[in-house]
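# Analysis of the macromolecular model
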Amino acid sequence: MVNEGSKPQAPVAPPHKLVVLKFAESRASELESLHSVVSNRLNNDFRCQRNKRRRTTGHDDRVGRNKFRKKRRVGEEDVTKSDSSKKDEKKVSRRLRRRIELSDNPESGFCTSGDGTKRLRTHVWHAKRFKMIKLWGFHIPLGLHGRGRGSRALLKKLKCGALVHDMSYCTAVQLEGPEDMLLSVLSSVLVPSPSTNSEDRLHNMLSGDIFGSAMLHHAGKPFSPTIAPVTYMWRPLTRIAVNREVHNVSLCDEQQNIDNDAPFRQLWVWIHSAAFKEGSDALRSACESQMDVTGHSLKCTSREGQLGNLELIGSSAFQLLRKILQPARCISESSWHLKKCSADEDEDEEESKKTSILKNEDQISASAIISLTVNDPRTLSRNDIEIVPEGKPPGLLHKSKEQTMSERDAESLSFCPSLEDHSVAERIDLWDASRGICPPVEESVICMEKHHRRKEFIRLGGTHLGIQNASTEGNSFRLCPILLLKNENLEGSVIRWSIILPLSWVKVLWITLVSNGAHAIGLREKHQIACEAGLPYFPLDFPDCNAYSHFMAMEAVASDQKAELCPPSTRPPKVPIPPPWDCVRFTFDKESSKAGNSQSRGEEDGGHGVPFKGFVARTSSMLIDFLDKLGAKRLLLFPKRLDQKNCMYKFMKDKEILKQDAVNSEANSCVKQCFLRVLLLAHKEGVFEQGAVVCAPHITDVLTFRSKINNRELQIPQYSLQSYFLQKQSGEWDLQVPKDPAVQESYRWPIGFITTGFVRGSKKPVAGALCEATLLSRLREEQWKALPVRQRKKEIYVLVRNLRSTAYRLALATIVLERQEEDVKFM
């Protein structure tokens, strides 16, 4: 008991240090009793319960050390290794193997995946941002992720910016031999042939100033199924002369057989990868046939894996090219030195014109070819170094700018090939890509040089010479030969430029274009741009090609797989993919029955869906030949020709000339069907989808749709929608002619199909379709006879119905060959 006078004692403070061993010894009895209680409850099993375990082994680095030892064993070379050790060598992670493979930039060739599918040089960039598909032997970007509903933003960028697409999947076939033999080969496989051009245009083609476009067929069969649309270009004669003089060797195995009147030439034929094998075989067969006739030698070799192709589209495409392309000044000096010509000043002026031609786009003609050798676009431009430090006098700024510019010029000249270094100068020409072109300098070297230049600008070091010498070492180059191709800009078309360059330089130029504002696109966006420009898109707008059949077969499988994911109650009705083109033939039988013939074949059996059996007239001369073979007295089709005036308006305004029959219907069954590409514009309303059927309207339908008072729509019954085309067990589709009188009243016979639908967001949406030529002429004749003279139009009224819709929409069809002489441009 505490005394009242005593003070309370203060509590003892805890020690600053706690010795665990001494604490355990003093409390040993308590700890032993506690351990016995816990052990009895757990039955001496102190392991953690499995459902309460957590990942607490992250601190253990034994797994990483084992991987490191395995990688060291893989890197070591031992000849006396057993089979078990060789199996351990293959256990390198896939991520490491892909990183090494995709970061490599060899001179030629594509890297491939496990199944042999090739990857573009921009594959890593696209795979992070785009949906990739395996198509035509390549991993190709299809488009941005989503449902593809970004067409409005795409058209806005097309109008105000620049779009870029990697077309390195297209390959060039190089032909070498005498000029007259090469012309004979091209005339046998191309439509239109080069000889059909005017003298001025043919001269520009042979001189290498412009390129040509044509349809590739098998040798001697212009009306056979088309292989693919191609682009061809000739190598200039001056470059071949330089190549011979420098190397002092023959570029052909049998040069002694070449006559003096036929110079040795080279040309490239660019073929889409979807038809490359068939196209290269056709060219090789044509060369062999020509060699059997003449006895001279021709070479047909592939340039696959050596050349790349970037397509730049949009209103700002040329401004972007001017921004990133810096032609090398020293190339003109080395070129005239190698040519050893007497007119040195003329050659120097020619090179200076090529350099200054990028200043004005209007000076560049359509289908022009511009050959340039440009500096590495990753190097800094003069504007990039005009950074003013704070507190620096203006006089010093002006002096530093001039000094930096002079150093930049001296640096660029130091990396140019010397005038006597023939081994380097030969790599400047893109036409000699088969001999190899040095890849660009590595990105790490470029970044290090930029870093040292910035240090020099602020006077922090003088190691520029060491970096310069280090960057020039190795098998790399700082000059890139390119070819600029300006695609012909028709009325209402978009501006397009093609950049042909070595394959090892594609990644460098791609990153530069994207970094400077170009918007990358895939196949889906490219198809939408082609529809907006009114150009055919390969292979969807070429049903007479084998590539179209293969592509649509893949689309049919993909459509069926997508439909199977939906429940049966919400599954959309199945539609024919591809469209049954042969059903157009039975519209002729219906016309024959009007003339008093027997029952039509279409009403008895229906139309059997078979592959495309007709041909598509891509030039006015092909259409004229078809009209001559038809044997008709007069057909209301007016193909445009340069040497003749179009007489369409003469027939349109004449009241007496339409009283006679314009078509000989008896000749329809013995002549092959001829299809024409038309552009469809909706009359008042309607959105036309790909695969929609184009039908022949009655004259009462045209008058009803044109009337503003009667708004009655022409529709087929809902129950007859799925019976319009029926699929057999073999997979083919049949056209079913209805027997019910109520359905026959709204039934309209097909004359073609839409190959490219509307682009949503377009101010003037246009669809592309293929329709039969004779049926179009009959519709025009019928409409001109029924309408007054002032209300007649050069367009033809047709009806369009989407395959999953019951409503018909009135549209105006414009025949492309009546506006232009050739329809061979494509995207």
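- Per an unreviewed UniProt entry, the protein goes by the name Ribonuclease Ps and belongs to Forsythia ovata.
- The UniProt entry for the protein carries this comment under Subcellular location (unreviewed entry): "Nucleus".

## A few points about the overall build of the protein
- Of the regular secondary structure elements, the protein holds 28 helices and 25 strands.
- Looking at the 827 residues of the protein, the share that counts as buried comes to 46%.
- Long-range contacts, defined as pairs at least 24 residues apart, comprise 75% of the intrachain contacts of the protein with a sequence gap of at least 6.

## Thoughts on the packing of helix α7 (residues 151-160) against helix α20 (residues 523-533)
- Direction vectors running N to C along α7 and α20 enclose 65°, while the axes themselves pass 11 Å from each other. Here α7 runs over α20; the crossing is right-handed. Each of Ser151, Leu154, Leu155 and Leu158 in α7 lies in contact with α20, whose residues at this interface are Glu525, Gln528, Ile529 and Glu532.
- Of the residues contributing to the contact of α7 with α20, the split by class is four nonpolar, two polar and two charged.

## Quick look at the sheet that holds strand β6 (residues 190-191)
- In space, the six strands of this open sheet follow the order β6-β7-β8-β9-β5-β10, with antiparallel pairing throughout. Bordering the open sheet on either side are β6 and β10 (299-302), each of which pairs with just one other strand.
- As paired elements, strand β8 (residues 228-234) and strand β9 (residues 264-271) share four bridges and run antiparallel to each other. Looking at the pairing, Thr231 lines up with Trp270 of β9.

## Re the packing of aromatic side chains
- Tallied over the full model, the rule gives 18 aromatic pairs.
- Centre to centre, the rings of Trp268 and Trp270 are 6.3 Å apart; their planes meet at 90°, and the pair counts as edge-to-face.
- Judged by centre distance (5.8 Å) and plane angle (90°), the rings of Trp581 and Phe675 are edge-to-face. Here Trp581 is found in the loop between α21 (546-564) and α22 (585-594), whereas its partner Phe675 is found in strand β18 (residues 674-682), with 94 residues between them in sequence.
- Pairwise contacts between aromatic rings join Trp581, Phe675, Tyr724, Phe725, Tyr747, Trp749 and Phe753 into one cluster.
- Directly above the aromatic system of Tyr724 lies the positively charged group of Arg801, at a separation of 4.5 Å from the ring centroid.

## Details of the confidence of the model for the protein
- Per-residue confidence for the protein gives a mean pLDDT of 76, with 71% of residues at or over 70.
- Ranking the elements of the protein by mean pLDDT puts helix α13 (residues 330-339) last, at 34, and strand β4 (residues 163-166) first, at 95.
- Ignoring residues within four places in sequence, the model shows residues 469-473, a span with pLDDT below 50, making seven contacts including any to other chains.

## Here we look at the nonpolar core
- Within the largest apolar cluster, 141 residues are counted, with the highest numbers of intra-cluster contacts made by Met233, Trp268, Leu680 and Val798.
- If near-sequence neighbours (up to four positions away) are discounted, Leu680 is found in contact with Phe688, Val694, Ile754, Phe758, Pro765, Val766, Ala767, Ala769, Val798, Val800, Leu812 and Ala813.
- In this structure, Val189, Ala214, Leu216 and Ala228 belong to the second largest nonpolar core, which totals 36 residues.

## Considering the environment of Leu627
- Note on placement: Leu627 falls in helix α24 (residues 620-630).
- Through-space distance from the C-alpha of Leu627 to that of Ala773 is 9.5 Å; in sequence the pair is 146 residues apart.

## Overview of the sheet that holds strand β3 (residues 138-144)
- The strand order across the open sheet formed by three strands is β1-β3-β2, and the pairing between neighbours is mixed. The open sheet is flanked by β1 (118-119) and β2 (130-135), the only strands paired with a single partner.
- Alignment of β1 against β3, held across two bridges, turns out to be parallel. By the bridge assignment, Lys118 is partnered in β3 with Phe138.

## Focus on a nonpolar patch on the surface
- A cluster of nonpolar side chains, Leu34, Val38, Leu42 and Phe46, forms an exposed patch at the surface whose accessible area comes to about 360 Å².
- Relative to the assigned elements, Phe46 resides in the loop between α2 (28-42) and α3 (62-75).

## Points about helix α17 (residues 443-457)
- Taking 1.5 Å of rise per residue, 15 residues should cover 21 Å, and α17 covers 21 Å from first to last C-alpha, within 8% of that figure.
- Residues of α17 that are buried: Ile446, Glu449, Lys450, His452, Arg453, Glu456 and Phe457.
- Within two residues after α17, Arg459 carries a phi angle of roughly 60°, on the positive side.

## Topic: the packing of helix α8 (residues 179-189) against helix α11 (residues 276-294)
- In the contact formed by α8 and α11, the axes pass within 10 Å of each other and the chain directions differ by 130°. It follows from the interaxial angle that α8 and α11 lie oblique. Between α8 and α11 lies a crossing whose hand is right-handed. Between α8, through Met181, Ser184, Val185, Ser188 and Val189, and α11, the contact on the second element is made entirely by Ala282, Leu283, Ala286, Cys287, Gln290 and Thr294.

## Here we look at the side chain of Thr806
- Position of Thr806 among the secondary structure elements: in the loop between β24 (796-801) and β25 (809-815).
- Residue Thr806 is classed as buried on the basis of its relative accessible area, which comes to 14%.
- Look past the residues within four positions of Thr806 in its chain and what remains in contact with it is Leu714, Gln715, Ile716, Pro717, Gln718, Leu721 and Arg801.

## Structural notes on unusual backbone geometry
- A cis geometry characterises the amide bond from Val191 onward to Pro192, with omega recorded as 0°.
- Summarising the element assignment, Pro192 is placed in the loop between β6 and α9 (199-206).
- Backbone torsion omega between Phe538 and Pro539 reads 5°, so that peptide bond is classified as cis.
- Inspection of the secondary structure assignment puts Pro539 in the loop between α20 and α21.
- The backbone of Asn43 shows a phi angle near 55°, a positive value even though the residue is not glycine.
- Inspection of the secondary structure puts Asn43 in the loop between α2 and α3.
- The exposed category is assigned to Asn43, whose relative accessible area is 66%.
- Although it is not a glycine, Asn44 sits at a positive phi angle of roughly 60°.
- Within the element layout of this structure, Asn44 appears in the loop between α2 and α3.

## Some details on the pairing of β9
- Counting buried positions over the eight residues of β9 gives eight, a clear majority of the element.
- Going residue by residue along β9, you find Phe264, Gln266, Trp268 and Trp270 tucked away on one face and Arg265, Leu267, Val269 and Ile271 tucked away on the opposite face as well.
- Of the pairings in the sheet, the one linking strand β5 (residues 171-178) to β9 comprises eight bridges and is antiparallel in character. When the sheet's bridge partners are listed, Val173 is paired in β9 with Val269.

Scoring rules and cut-offs
Residues numbered from 1 in each chain as written. Predicted model: local features only at pLDDT ≥ 70, side-chain atom pairs only at ≥ 80, totals over all residues. Heavy atoms only, no water. UniProt positions renumbered as here; feature names shortened; annotations may be inferred. Helix = DSSP H or I, 4+ residues; strand = E, 2+ residues; numbered from the N terminus. Buried < 20%, exposed > 50% of the residue type's maximum accessible area, 1.4 Å probe, protein only. Contact = heavy atoms within 4.5 Å. Axes fitted to C-alpha atoms, helices over the stretch in contact; angles between N-to-C directions. Left-handed = near helix turned anticlockwise from the far one by under 90°. Nonpolar A, V, L, I, M, F, W, Y, C, P; charged D, E, K, R; others polar. Pairing = 2+ DSSP bridges. Phe/Tyr/Trp six-rings, centres within 6.5 Å; stacked < 30°, edge-to-face > 60°. Lys NZ or Arg CZ within 6 Å of the ring centre and 35° of its normal. pLDDT = per-residue confidence, 0-100. Core = buried A, V, L, I, M, F, W, Y, C linked by side-chain atoms within 4.5 Å. Patch = residues over 30% accessible without salt bridge, like charges linked within 9 Å, V, L, I, M, F, W, Y side chains within 5 Å. Areas by Shrake-Rupley, 256 points an atom, 1.4 Å probe, with all protein chains shown as cover. Salt bridge = Lys/Arg side-chain N within 4 Å of Asp/Glu carboxyl O. Expected span 1.5 Å × (residues − 1). Parallel < 35°, antiparallel > 145°, perpendicular 65-115°, else oblique.

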